[in-house]
Each structure stands twice: as C-alpha cells, then as structure tokens.
Amino acid sequence: MAERILVVDDEEDLRYVYVRQLRRDGYQIDTAADGEEAIEKIRENEYAVILTDMRMPRKDGLAVIAAAREHLPEAEIIVLTGHGSLENALQAFKAGNIFEYLLKPLDDITVLNTVVARAIERRNLRKHNRELFEQLQRAYEELRQKSEALIQQEKMSAIGILAAGVAHELNNPLTAVVGFAQMVAEKLRSNRPHNWDDREYLRVLQAVDNMVQGAHRSRDIVASLLRFARATKPEARAPVDVNQVLRDAFLFTEHLLLRHGIALEKQLAPDLPLVWGNAPRLQHVFTNLLINAQQATPSGGTVRVITEHADEPKGVWVHVEDTGHGIPPEELDKIFEPFYTRKEQGTGLGLSIAKQIVEEHQGEIYVHSEVGKGTRFSVFLPGTDAEAVPPSTEAQVA
C-alpha cells in the first residue's frame, strides 16, 4: 500500500508542484492550504511524512509540527520554508524532532523525492525497531514467568523429598508412641490404681485418650506426607480418590482455620469416580485454595468444601467456598495471572500454579464471587475415562 503524505503550504502553485513531483514515486498525497486545515487532517488521518511551510495564515508551521508530534508521533516531518533563518530553524527543531529543514525554492525538485524516501525509510526502521523491542519485552516477560514457575516446581519437588525424609524418620517412633499409648490406656481401664480417687482416675484416662488421639493424628499427618512425597514429578499419575486428597489437605489446613476462628465444613460425596492424576499436585491445589479462603475470611466465618458427582462429562466437582470479603468484578479476570496478587506479601503464583496443575489433569477451574458475601472456587476433574468439557453454569476465568 502506498505511503500517505501531507503537503502543507499556503501557495497553491507550490502545492501543485510538490504533489505532481511526489506522485511520480507512487505516494498518496493530501494537501492543506494553511496550518488549521493541516491540523484537522492530522487528527483524522495517518501520515508517514508531513511536508510543511513555516509561515502560513491560520496557524503556522510550528503549530502543525506540535500537532503532528501529539497525534502522529511516528510521522517524519520535513520543513520547506522561504523564510530561512537560524531562529526559524531552531524554533522548528525545538518544536519537534524534524527530519529535514529545506529552503524554497528548491534548486532541484527531485531532491524532494530523495528526502521523502529517506524520511520514510527512517520511519519504517524506527517502527520496525519498536516492534522488535515490544516482541523482546513480551518474550522476556514470558521467559521470566516460566522461570518462576519452574523455580516453584523445583521447590515443590524439594519439599516432597524433604517430606519423605522427615516422614520416614518419624514413622518408627510414632508407631511406638501409638502402641505404648494404647497399651497404657488399656491397662488403666482394666487395672485402676487403688490409691486414685474417681476424679484423678478420670482425669488421667482423659489425658491418655488425648495422647492416643494426638498420636493417631500425628501418624495420619506422617502418612499424608508420605503420600505427598510419593510422586513429585508432574507426569507421575495413578488413580486418585479426590476425597482422600482433600482429607490430606485438611490435615495441614484445618488447625490453621480453627486458630483463626473459622469453621471448616466438609460435605464429601461418597463413591466418587476416581481421577487419573497426581495426588500430591492436586493436594497442592486444594491446600492453596483452603489457605486463600482462610486469608479472605474474618474470624467467625465459614469455609465449606463440597465434592459431588459430575455426570456429563463424567468426573468430580470440588467446591471451596468462603464467607469472606469477596473479589471485585474487575479483578476476577486477573486472579489466575502469574504475579498478580491482592496480598501485601503475596507472590502472585499460587492461583496461577493451581490453574496450571488443574489443566495438566485436563480439568478446569472457575470462580464466582460477590463482594461482601464470599467467594467460591470450583474445580472440575474428569473421571478416568472422561474428558473435561466446561460447564455453562459457571463463569470460567482463564
């Protein structure tokens, strides 16, 4: 497509000469008889080059240059003036980064074609460089995000290895603690010491029962750590019971919720279909959603976890909902973006990684929120013989 040029001069004969000369090179030419007409055209059209006189009625060349810099910053400006002076030249160059300053009449009119061609070449080069710079910036940002995601995955892998080591170290002594605690409880129930009164006897029995329960809970946590550490690579897959994954997540998060005065309600549907997936990575998703719910919910609130069957397509729904502050509508389409965070100390990677893990399982994650009422995250995971299809009842954030 031919480059478009604006010729601005109050002398009609000169405009005719310039237009006739430039059309020989195939340019599309517009003209203006004064500065005001030129400014109107600059506001309405795209020009590669603007040739302008300096002294004209109804706004001069300086006003034309200023308008071009405001509305067409990539356009090249060539000044043609019959009032050449050092002062005029300085004013022109101060008004904008003009390409050339020529005195008229031109000794050789063909010079105009050469200058315009060079101006267009510089404009195209600057435009190409800007596009390359923008591409480089986008590539850098994408590389940075992927690098951060890889670092996070390496951290998760390291945590898995550490968890395995800690769990194995704790497993044997915990087994002994559980066994001895149960033995003490049985002995006390069958052989009450004669020198203990009823109150003291009941108090000791309760303490031993608490010790047994604590030991069992500790053993459950160790077992959960072992399951978490069993498959640290994203590609490691097996049939997964989503309810069990959630129970493991509760072991790490329920005490956190209770400590902040938040009730945890669990509504886990029985006989859910199995999901072909990576249990530790799914546990990471639900742990993240539970921690987010805790941080968004004031004391006295409730976090509810619901699982249910999905029939078309076959799979499992997991809903994590809170009675917290909610998310403003203008932020809903940003919360899964890497590095976007509403927390002062947040990294902005939690929900981004959760979404990535869900999509690795051919699943989908959705969010619905009302400011002042709370937020619900819904995760769909396909059954072992089903493919994920987005439902029409929820708003997908992707």
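This text goes with the structure placed above it.
The structure reproduced in this document is the subject of the present report. (Residues numbered from 1 in each chain as written. Predicted model: local features only at pLDDT ≥ 70, side-chain atom pairs only at ≥ 80, totals over all residues. Heavy atoms only, no water.)

1. Here's the deal with the sheet that holds strand E12 (residues 374–382)
Put simply, the rule is: Here, any two strands with at least 2 DSSP bridges between them count as paired. Counting from the N terminus, the helices are the DSSP runs of H or I reaching at least four residues and the strands are the DSSP runs of E reaching at least two. For helices, the fitted axis covers only the stretch in contact; all axes are lines through C-alpha atoms, and the angles between them, taken along N-to-C directions, range from 0 to 180 degrees. Contact definition: two residues touch when any of their heavy atoms are within 4.5 Å.
Across the sheet, five strands lie side by side as E7-E9-E10-E12-E11; this open sheet has mixed pairing. Edge positions in the sheet fall to strand E7 (263–268) and strand E11 (364–370), since each has one partner strand and no second. Across the sheet, the axes of successive neighbouring strands diverge by a mean angle of 15 degrees, strand direction being ignored. Across eight bridges, strand E9 (residues 302–310) lies against strand E10 (residues 315–322) in antiparallel orientation. In the strand pairing of E10, Ile306 is matched with His319. Most of the contacts of helix H7 (residues 242–259) go to E7, to which it runs at about 175 degrees, and overall it touches E7, E9, E10 and E12.

2. Looking at the environment of Asp311
Where we set the bar: A simple rule labels every residue: compare its accessible area, found with a 1.4 Å probe on the protein chains alone, to the largest value its type can have, and call it buried under 20%, exposed over 50%, or partly exposed in between.
Among the structural elements, Asp311 can be located in the loop between E9 and E10. Look at Asp311 and you get exposed, because its relative accessible area is 62%. As a C-alpha pair, Asp311 and Gly383 span 72 residues in sequence and 9.7 Å in three-dimensional space.

3. Quick look at the pattern of salt bridges
Formally: Each reported salt bridge corresponds to a side-chain nitrogen of Lys or Arg within 4 Å of a carboxyl oxygen of Asp or Glu.
According to the stated counting rule, one finds 18 salt bridges in the structure shown. Here Arg130 and Glu74 are joined by a salt bridge, their closest N and O atoms 2.7 Å apart. Here Arg130 is found in helix H5 (residues 110–190), whereas its partner Glu74 is found in the loop between helix H3 (61–71) and strand E4 (76–81), with 56 residues between them in sequence. Taking relative accessible area as the criterion, Arg130 reaches 33% and is therefore assigned partly exposed. On the basis of relative accessible area, Glu74 is assigned to the partly exposed category, the value being 25%. For the salt bridge of Arg126 with Glu76, the shortest nitrogen-to-oxygen distance reads 3.2 Å.

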